Structure formats: C-alpha cells, structure tokens
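# Structure at a glance
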Amino acid sequence: MTERMTPQSVRDHDEHPPPARLALDGHTWREIAYLLANLPMSLVGFIYAVTVLSTGAGLTVTVIGLPVLAAGLAGARQIGKLERARARALLGVRVDEPTPLRLLRSRGLVQRLWMALKDPVGWRTMLYGFIRLPWGILTFTVTLVSLFVLWPILPFLARGLTNVDRAMARVLLSPSDELERRIAELESDRGVVVDTAAADLRRIERDLHDGAQARLVNLAMGLGLAKEKLLEDPDAAAAMVDEAHGEVKLALQELRDLARGIHPAVLTDRGLDAALSAVATRCTVPVKVTVDLSRRPAAAIEGIAYFTVSELLQNVSKHSAARSASADVWRSEERLLIQVRDDGRGGARLDGGTGMAGLAERLDAVDGVFAVDSPVGGPTTVTAELPWRDREDKTPGR
C-alpha cells in the first residue's frame, strides 16, 4: 500500500532530510548544487553589500547619501528573498518571509526614509552577504575537489557543509519572531483603538441627537410660541417661558453628563483621587477609594484608569448585589495598578455582557493587562495594569 504524505509530513521531511548515504541520491545532488552555487551567489552578495555601504557612506555628506543607503537596504531585501528561495528549493529549509515595509503608510518623506534605514531585515541580509564570501569560496572549492577525489565521502561532507548553510539561513535570513509578533500585536491593537474611538463618537453623536439637541429644538419652538402669545395672552406666555426655563436646565444637565462621560473636569483639575471619589458617590453601594500616587501619570493613562474604575463601579451597582466595594490605585515600578473589589454574588466573566471584554480590549491596546477573579458566590476582584508614563505638563495643580 502506498503511504500518503500529509502537508505536515512533507514539511517535516524537508526540515529533516534523510540520512546521508554513500549513494548519491536526489537530496545529495541538490545539496551539491547548492554548495557549488555558493561562490557566485556570495560574490554577488558581497559586491552588492560593499558597493551600497561604501557609496552610501561616501555620499552621506550630500543630500543623496541616506536615500542611496535606504534604496540599497531595500535591494538587500530582494537578495534575501532570492537566497531564501534557493535554500527552500535545494535544502528544504522553510524560512518565513519577513513582513514588508509599509512605507506608503508613513507620513512624510523623512519618516519613510527613517523606516527604510532602520530595517533590521535589510541590515541582516547585508551581514549575510559579507560573511558568505569566504564561506562560499571554501564550500565551492571543497565540493569541486571532492567530486573527483573524495567522492566516497562526498554525501557526508555535503550534509555537514549544508547544515552550516541551513543554520546561516535560519539565523540571518529569517524574520525576528519577537519583532513579527510585536508588529502583528500593534496592528491588531490599532484596529481595536480605531473601533473603540468610532464607537465612542457614535455614542456621543447619539446622546447629543436624542438628548440635548432634542431639548434645544423644543426650547426654540416653545420660545417662538411664547413670543407670539406675549401680547395676546401674557399669562400663557409666562407659563411657556417657565417651561422653557425648565428645558434649559435639563439640557444643561444632559450636556454636563455628556461632558463628564468624555472627560470630567474634576479629573483634569484635581486628578484621580478626587475624580474617583466623585464616581464612588454615584455608586449604589458604599465604596472605599484609595489612590496612592506620588505624582500624576500621563493624561492618556490617567483617563483610561478613570474610565476603567468608573465602568467597573457601574457593574458593581447594576450586577453584583454587593453590600460594599473598594477601589485601589497605586504605582509599582513602571506600572499603574488598579484593583476593584466587591462582596457581591460573583460569577463575573469577560464574556458575560457587562462590558468587561471591551475594557480588556482597551487595556490591551495600550499594553495593559486585565484580569477577573469572580467565583460564583463572590467575592469579585478585578485587577488592571497600565504602563506608567510621566505627565509632561509640570504646571502646578496639573
């Protein structure tokens, strides 16, 4: 019965070729071809690297030096792509392709130039071209001589030499796993931030349209009617003005609530301690607030911390059936830590529809951490971490 090869088995077969044998099989001939091609390819890579670096360095005194070097690094990426394809075809080395540089998304020529100049993939390919020339000469000479003199041990010799080539390709031509992971995280986080900002804008627009705007429209209509009745029926006009005055008060209160939801004035003026104390007074259960900060964090971090505690205390009011709660904020080295506890019924989950999943996404977008410990029956402890950044504004009281 013929054995069926799965994609995984093919990949494992390519990564781990069969043992070298005295007979020259297909794997051995491909390794020999790779070793013989090392000399011309290493010559091309070495000459390219020397030319680009010497030309770019020599022209740095002019305005075209850095662009020439940036273009050379972009070209080195193409040489690396060719070398990865050669290693994949002849040695079976599966080296992932690096993430393309997103120069078109950068703002301005200077930023695009800087991104190209600090490209780690291009620089590693340049290093690959430098160190490959002596190795290419060695492997070409040894392999060519062995074809006529040492052919009985050539399979083992070719396997040993190409193992060094495999290691070089994996180390210098593969993308940085940590860098690629970080790029993917940042792209994902950027999407979360954009979606969150769009949702907040839609909420503000809806609140304005359904609340304060509608009241102001009714107010304008009421004042218009009062103006018409001012001479005919002064008493009715006075009643309409009184009603309009009440509408103004309600509209102002709605605008204040909306502004508090965007960024409360007390947070800007007095910091987290006063702002969270104000939030605690609106909670339906007694809340003990403790803020232990020797200085204020950056405004963005402070705002995220405020809205995190605010939403968690809203959850305590709506869902916990607790008798008491506490909110603690403190700094530990370069992290801002938040912990909200309640003695309610517990059972809170990130997918429970209480907005905690949204909080976790917001914190993750700024390299934060969000953890929920809420066994059924309580108590519930929610811990959040944010990166600490110092506030740039040194104005007293800020």
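What counts and what doesn't
- Residues numbered from 1 in each chain as written.
- Predicted model: local features only at pLDDT ≥ 70, side-chain atom pairs only at ≥ 80, totals over all residues.
- Heavy atoms only, no water.
- pLDDT = per-residue confidence, 0-100.
- Contact = heavy atoms within 4.5 Å.
- Phe/Tyr/Trp six-rings, centres within 6.5 Å; stacked < 30°, edge-to-face > 60°.
- Helix = DSSP H or I, 4+ residues; strand = E, 2+ residues; numbered from the N terminus.
- Buried < 20%, exposed > 50% of the residue type's maximum accessible area, 1.4 Å probe, protein only.
- Core = buried A, V, L, I, M, F, W, Y, C linked by side-chain atoms within 4.5 Å.
- Pairing = 2+ DSSP bridges.
- Axes fitted to C-alpha atoms, helices over the stretch in contact; angles between N-to-C directions.

## Let's talk about the confidence of the model for the chain
- In this model, the chain carries a mean pLDDT of 76, and residues with pLDDT of at least 70 account for 73%.
- Predicted confidence is poor over residues 394-398, with pLDDT under 50, and the contacts of this stretch with residues over four places away or in other chains come to eight contacts.

## Some thoughts on the packing of aromatic side chains
- Per the stated rule, a full pass over the model turns up two aromatic pairs.
- Between F46 and F130, the ring centres sit 5.7 Å apart and the planes meet at 90°, which makes this aromatic pair edge-to-face. Within this pair, whereas F46 is found in helix 2 (residues 26-58), its partner F130 is found in helix 5 (residues 120-148), the two being separated by 84 residues in sequence.
- According to the relative accessible area criterion, F46 is partly exposed, its value standing at 26%.
- Between Y306 and F307, the ring centres sit 5.1 Å apart and the planes meet at 80°, which makes this aromatic pair edge-to-face.

## Description of the nonpolar core
- Judged by nonpolar contacts, the single largest core of 34 residues is most densely connected at L272, I338 and F370.
- Those elements that provide at least two residues to this core are helix 10 (272-281), strand 1 (287-292), helix 11 (299-320), strand 2 (325-332), strand 3 (335-342), helix 12 (356-364) and strand 5 (380-387).
- Top element by residues in this core is helix 11. It accounts for seven residues.
- Counting 16 residues, the second-largest nonpolar core is a separate cluster that includes Y34, L91, A169 and L173.

## Structural notes on the sheet that holds strand 1
- If you trace the five strands from one edge of the open sheet to the other, you get 1-2-3-5-4, paired in mixed fashion. Here the strands that pair on one side only, and so sit at the sheet edges, are strand 1 and strand 4 (369-373). Averaged over neighbouring strand pairs, the angle between their axes works out to 10° when direction is ignored.
- Contacts from helix 10 reach strand 1 and strand 2, with the element oriented near 170° to strand 1.
- Each of strand 4 and strand 5 is contacted by helix 12, which is oriented at about 150° to strand 4, the strand it contacts most.

## Considerations on the pairing of strand 5
- Extensive coverage of strand 5 is indicated by the burial of six of its eight residues.
- By the bridge criterion, eight bridges tie strand 3 to strand 5 in an arrangement that is antiparallel. Across the sheet, residue L337 finds its bridge partner in strand 5, namely E385.
- Here strand 4 runs beside strand 5; their pairing, made up of five bridges, is antiparallel. Along strand 5, the bridge assignment pairs D373 with T381.
- Hairpin connection from strand 4 to strand 5: six residues lie between these consecutive antiparallel strands, with G377 at a positive phi of about 100°.

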